[in-house]
Every structure is written in structure tokens, then in C-alpha cells.
Amino acid sequence: MASDIKILTDKINIPGIETFEVYRKNGGYAAVEKAIKKMSPDEIVEEVKKSGIRGRGGAGFPMGMKWSFLAKPEGIPRYLVCNGDESEPGTFKDHYLMKNIPHLLIEGMIVSSFALGANKSFIYVRGELMYVIRILEKAIEEAKNAGFLGKNILGSGYDLELVVQPGGGAYICGEETALLESLEGKRGNPRNKPPFPAIKGLYQSPTVVNNVESIATTSWIINHGGDEYAKLGIGRSTGTKLISASGHVKKPGVYEIELGLPVEEFIYSDQYLGGIREGHQLKAVVAGGSSVPILPANLIMKTANGEPRLMSYESLSDGGFATGTMLGSGGFIAMDETTCIVRNTWNFSRFYHHESCGQCSPCREGTGWMEKVLHKIEHGHGKMSDIDLLVDVAKRIEGNTICPLGDAAAWPVGSAIRHFRDEFEWHITHPHEATQKGAVFMNKSILV
Ligand SMILES: Cc1cc2nc3c(=O)[nH]c(=O)nc-3n(C[C@H](O)[C@H](O)[C@H](O)COP(=O)(O)O)c2cc1C
Ligand code: SF4
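Residues numbered from 1 in each chain as written. Chains lettered and ligands numbered in written order. Predicted model: local features only at pLDDT ≥ 70, side-chain atom pairs only at ≥ 80, totals over all residues. Heavy atoms only, no water.

A. Summary view of the overall build of the protein. The secondary structure content of the protein amounts to 19 helices and eleven strands. In terms of overall dimensions, the protein is globule-like: its C-alpha atoms have a radius of gyration of 22 Å, near the 22 Å expected for 448 residues. When the backbone C-alpha atoms are referred to their principal axes, the protein occupies close to 75 × 45 × 35 Å. Expressed as a percentage of its 448 residues, the buried residues of the protein come to 57%. Long-range pairs, those at least 24 residues apart, make up 70% of the contacts in the protein with a sequence separation of at least 6. For the protein, the accessible surface area stands at approximately 17800 Å², while carbon and sulfur atoms represent 53% of it. Of the charged side chains in the protein, 48 are positive and 52 negative; the average position of the first set lies 3 Å away from that of the second. (Helix = DSSP H or I, 4+ residues; strand = E, 2+ residues; numbered from the N terminus. Rg over C-alpha atoms; globule rule 2.2 N^0.38 Å. Buried < 20%, exposed > 50% of the residue type's maximum accessible area, 1.4 Å probe, protein only. Contact = heavy atoms within 4.5 Å. Areas by Shrake-Rupley, 256 points an atom, 1.4 Å probe, with all protein chains shown as cover. Lys, Arg positive; Asp, Glu negative; His and termini not counted. Charge placed at Lys NZ, Arg CZ, Asp CG, Glu CD.)

Structure follows, in C-alpha cells:
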């Protein structure tokens with residue numbers, strides 16, 4: 001059973017924690033002092049490697065390894081860019097962190113920039129969140145006035161300028177190379193890779209892009225050591241993770257969990273989501289944001305082998321896409337028996353079609369095609385062959401695009417048909433019933 005240790009949210013409810021004064025009084029900026037005064041940049045990278053932390057933006061790539069890939073050519077600046085675009089449906093944890101405890105991110109940005117040798121770093125924040133941008137700008141000003149940012153930080157000779165950039169207002173601007181394009185003032189179109197940002201990123205210079213939660217965690221790692229962090233969690237899923245929980249649960253919100261927590265405990269215990277709303281039953285879960293495969297209730301509770309499913313990268317993906325899913329960005333959406341899976345899949349598909357940048361044909365055409373076919377089925381005009389057509393289109397997008405948005409659009413459709421095919425069929429064989437207001441197919445996979 002996982003502990004209730006908190007390393008990101010332990011101080012979040014202290015009144016005034018958003019101010020430099022209160023944050024500092026509660027141990028804030030100790031990691032900057034330790035890193036800059038007592039550690040070399042390589043030692044910091046080593047601690048992050050030892051921690052085993054995997055990037056919290058969705059892909060779960062080991063953070064220390066990413067840092068060690070950063071090219072260091074003489075005379076060329078390096079950049080750290082924090083990804084706070086957070087536009088994935090179901091994910092709202094970075095927003096929570098930035099607005100409530102902005103100095104945790106600023107502190108992490110200073111430590112991480114020092115480790116990477118960056119003298120100018122950026123925080124790219126979802127453009128709609130202007131009030132969060134103002135909060136971060138105020139926090140930066142306070143840190144600067146206290147000597148933790150700007151020229152000659154703490155008398156060390158290290159300079160760092162921190163810039164907050166409002167996002168371009170599109171989901172695709174969260175994809176790291178689209179983000180860099182947007183930061184350079186261009187349309188947020190993903191770049192072809194290679195070269196990866198670690199070699200040629202912002203302004204063609206070596207760049208690390210990390211998620212808000214990933215960077216915010218570095219302060220704890222520096223204060224306590226990478227080995228201590230690696231003791232938390234389970235296996236290769238070290239540490240804690242912020243989960244944005246929404247849908248038909250009694251207590252939606254942002255939760256910090258130790259990785260390895262059983263999914264059942266997360267959903268049903270009072271410490272976390274408190275169960276499904278009164279009088280209803282769990283039907284399905286999207287565990288990691290709208291991009292990851294949907295699972296029916298029985299498969300989210302237990303793997304196909306009957307093992308309890310855990311909130312970890314490995315356990316959630318156990319069984320591959322046939323019976324598993326992904327931790328993704330931790331957007332946990334629980335759906336009860338009143339949810340129409342066809343409608344939900346159509347809704348996701350509208351989103352991906354709208355957000356496709358249009359550069360590659362499989363994504364540009366395929367997302368539109370899937371949306372149209374799903375609209376037809378949902379509105380009582382579907383044919384049986386449409387189901388296999390959807391599977392076929394999804395397969396043709398997957399793996400054939402410049403960026404992972406194509407996969408993100410294909411997986412929800414493929415998985416919904418894999419696990420809820422009977423519901424799609426029912427929409428086609430019973431168009432009159434299925435189009436009644438509030439009509440829902442009572443799926444056999446509801447957990448009773
Ligand atoms: C369409 C799309 C949207 C994305 N949006 C975000 C986002 O809002 N925030 C984020 O951190 N990563 C997002 N990512 C992942 C980033 O490309 C990148 O992997 C991540 O910022 C790296 O940080 P990490 O290693 O700390 O996870 C997105 C990826 C795709 C394909
Ligand atoms: S996969 Fe879609 S969003 Fe990504 S580059 Fe291609 S068209 Fe654009």
C-alpha cells in the first residue's frame with residue numbers, strides 16, 4: 001500500500017504560500033542555495049538521474065537522461081523551456097501548482113537552469129490562463145528582488161533571466177517542438193525530428209523542454225537527494241505524481257499520490273476520490289488524459305492476469321493496448337453507467353480534429369474522417385461497416401505522423417471500439433432508441 005507522502009503539495013495550503021516571504025519562511029529556495037553554493041551542474045544532473053524521475057508531461061521519458069543528452073557546444077547559449085501549456089482534456093494539475101505555489105516552479109527553474117548552464121529560461125503557459133501568468137510574473141519579481149534571479153545570483157557569478165510566455169491558444173502548442181516554434185513567434189507547427197531539441201531547439205540552440213511538475217520536483221530532489229526520491233514509488237515509477245481527477249467521482253480535484261497506489265484505493269477510498277457518485281457504478285476510465293486508451297471498469301481495477309492495477313507507468317500499461325492503457329499526463333476521468341461511450345468518443349474526436357495542425361495528411365484527413373463517422377453513428381445514421389472503417393482509419397494514422405497528436409487522436413477511437421464494440425453496434429442496430437435524450441447502452445462491462 002502506498003504512503004500519503006507529499007513532496008509537491010505538502011505546503012500548498014499554507015496561507016500566503018504564493019508570496020516569496022511565506023514560501024521562504026517555510027524552507028523555500030533552500031534548494032537554490034544548496035545547488036548554487038555547494039554543487040556543480042554535473043552533480044545536480046547526477047542527482048536527477050539517480051532519482052529516476054520520468055517526465056510528467058505525458059511521455060514519461062527519464063528526466064536525468066534527457067538532461068544528459070543536452071549538447072554543449074562552445075559559445076552557443078542553451079535554453080530550458082518549461083511546458084505549462086496543459087491543454088489535454090482531463091489534465092489540470094500544472095495549473096493547480098502554478099497558481100497556488102508559483103515559487104515551487106520558480107525555484108525548480110533556477111536549480112534546473114543552473115544544472116543545464118542556461119542563462120535565459122522560459123515558462124510557456126497556456127494562453128487562456130492570463131491570471132496565472134500574472135501570478136508567475138509577480139513571483140519572478142519577488143525572487144529577483146531577493147537576489148535569487150537576475151545577475152550574480154547569491155554572489156555566485158551565475159546569471160539567470162526568467163521569461164513567462166503566454167501560449168498561442170492551441171493544444172498543439174504543448175507538443176515540445178510546436179511550443180518552440182510558437183515561442184519563436186511563429187505558428188505552432190511541430191518540427192520534423194531529428195534533430196531533437198537537445199541538439200537544435202529554441203533559436204537552433206540546444207534546449208531542454210520539461211513539464212511544470214517535472215521541474216517543480218527538482219527542488220525536493222536537490223534538498224533530499226536522488227536516492228531518497230528513488231525510494232518513493234514502485235519499480236521504475238519512482239516518486240509521487242499529481243493526478244487530475246474528474247468525472248463521476250465524489251471528490252474530483254488534484255491529488256498527489258505515491259506511484260504504486262492501487263487504482264481501486266484511489267477511486268474508492270475517502271482519502272482520495274471517495275468512490276463513484278451516489279447510486280451509480282463505474283463504467284469506464286480514461287486514466288492519463290484524453291489521449292490514452294479508455295478501459296472498462298473491470299480492466300482498470302485488475303490487469304488481464306487478475307493482478308490489482310496500480311497507478312504506475314508499468315502497471316497501467318500492463319497488457320499493452322489490448323488490455324492496458326497509459327499513465328500519460330495523469331488526467332484521470334471516471335465515467336459511470338450514464339456515460340455514452342460513442343458520444344464520448346465522438347466528443348474526443350471533435351477535439352483532435354479541431355486541434356490537428358494539418359501538416360500531415362493521415363492526421364489532417366483521418367481526424368476529420370473519424371469525427372464524421374462517429375457523428376453519423378452517434379446520430380443514428382451509422383452502418384455496421386463504419387465500425388471497421390473507424391478501426392482502419394485509426395490504424396492508418398497511428399505511427400504515420402510528424403508528431404504524436406495523430407496517435408493521441410487514434411488511440412481513444414481504437415480502444416473505445418476494442419472494449420465497447422457492442423455499444424457501437426447497438427447504436428447502429430437501434431438508431432431510434434440510441435438517439436433518445438439521455439439514452440445509454442447498459443454495457444456488460446459495468447462493475448457490479
Ligand atoms: C499534442 C501534444 C500536446 C502536448 N501537450 C503538453 C503539455 O501541455 N504539457 C507538457 O508538459 N507536455 C505536453 N506534451 C508533451 C511534450 O511534447 C513533451 O514531451 C514534454 O513537455 C516534455 O516534458 P517532460 O519530459 O517533463 O514530460 C504534448 C505532446 C503532444 C504530442
Ligand atoms: S500529427 Fe497532426 S498535429 Fe502533429 S504535425 Fe501532423 S498534422 Fe500536425
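B. Spatial organisation of the sheet that holds strand β2 (residues 120–125). Strand order in the open sheet made by the four strands is β3-β2-β1-β4, with parallel pairing throughout. The open sheet has two edge strands, β3 (161–166) and β4 (207–211), and neither has a second partner. Going across the sheet, the axis of each strand differs from the next one's by a mean of 20°, ignoring polarity. In this structure, strand β1 (residues 79–84) lies alongside β4, joined through five bridges in parallel fashion. Within β4, the position partnered with L80 by the bridge is V208. Here helix α9 (residues 212–224) sits on the sheet and contacts β1 and β4; the angle it forms with β4, its principal contact strand, is near 95°. (Pairing = 2+ DSSP bridges. Axes fitted to C-alpha atoms, helices over the stretch in contact; angles between N-to-C directions.)

C. Representation of the site of ligand 1 within the structure. Near ligand 1 you find 19 residues, and of these G57, E86, N210, N211 and S214 are the closest. In the environment of ligand 1, an oxygen atom lies 2.9 Å from a nitrogen or oxygen atom belonging to the side chain of N83. At a separation of 2.9 Å, an oxygen atom of ligand 1 approaches a polar backbone atom of E176. Notes on ligand 1: free accessible area 610 Å², of which the protein chains cover 89%. Here the shell around ligand 1 takes three residues from β4, the largest share from any one element. (Near = heavy atom within 4 Å. Polar contact = N/O pair within 3.5 Å; in protein donor to acceptor, adjacent residues only side chain to side chain.)

D. Region of the structure containing the side chain of S291. Tracing the sequence through the fold places S291 in the loop between β9 (282–286) and β10 (295–296). The exposure class assigned to S291 is buried, which follows from its relative accessible area of 9%. Among the polar contacts made by the side chain of S291, one reaches the side chain of E88 at a distance of 2.9 Å. Within the local environment of S291, its side chain forms a polar contact with the side chain of Y171, the two groups lying 3.3 Å apart. When residues no more than four places from it in sequence are discounted, the contact partners of S291 are E88, Y171, Y352, A408, W411 and P412.

E. Structural detail: the pattern of salt bridges. Evaluated as defined, the whole model comprises 29 salt bridges. The salt bridge involving D94 is made with K93; its shortest N-O contact spans 2.9 Å. The partner of K186 in a salt bridge is E181, with the nearest N and O atoms 3.5 Å apart. You can call E181 buried: its relative accessible area is 14%. One network of salt bridges, with partners in common, ties together R56, K93, D94, E213 and K241. (Salt bridge = Lys/Arg side-chain N within 4 Å of Asp/Glu carboxyl O.)

F. Here's a closer look at unusual backbone geometry. Residues K193 and P194 are joined by a peptide bond in cis, for which omega reads -5°. Tracing the chain through its elements places P194 in the loop between α8 (176–183) and β4. In this structure, the amide linkage connecting P194 to the following residue, P195, adopts the cis form with an omega of 5°. Tracing the chain through its elements places P195 in the loop between α8 and β4. Here E86, not a glycine, exhibits a phi torsion of approximately 30°, which is positive. Its place among the elements puts E86 in the loop between β1 and α5 (93–100). With phi around 65°, Q204 is a residue other than glycine that occupies positive phi space.

G. Seen up close, the packing of helix α6 (residues 102–116) against α9. With their axes 7 Å apart at the nearest point, α6 and α9 run at an angle of 75° to one another. In terms of orientation, α6 lies roughly perpendicular with respect to α9. Residues L104, L105, E107, G108, M109, V111 and S112 of α6 form the contact with α9, whose own contacting residues are V212, I215, A216, T218, S219 and I222. The residue makeup of the contact of α6 with α9, split by class, is eight nonpolar, four polar and one charged. (Parallel < 35°, antiparallel > 145°, perpendicular 65-115°, else oblique. Nonpolar A, V, L, I, M, F, W, Y, C, P; charged D, E, K, R; others polar.)

H. Examining the site of ligand 2 more closely. Neighbouring ligand 2 are 13 residues, the closest being C357, Q359, C360, C363 and C403. The residue makeup of the shell around ligand 2, split by class, is eight nonpolar, five polar and no charged.

Interpretation in functional terms is not warranted from these geometric data alone.
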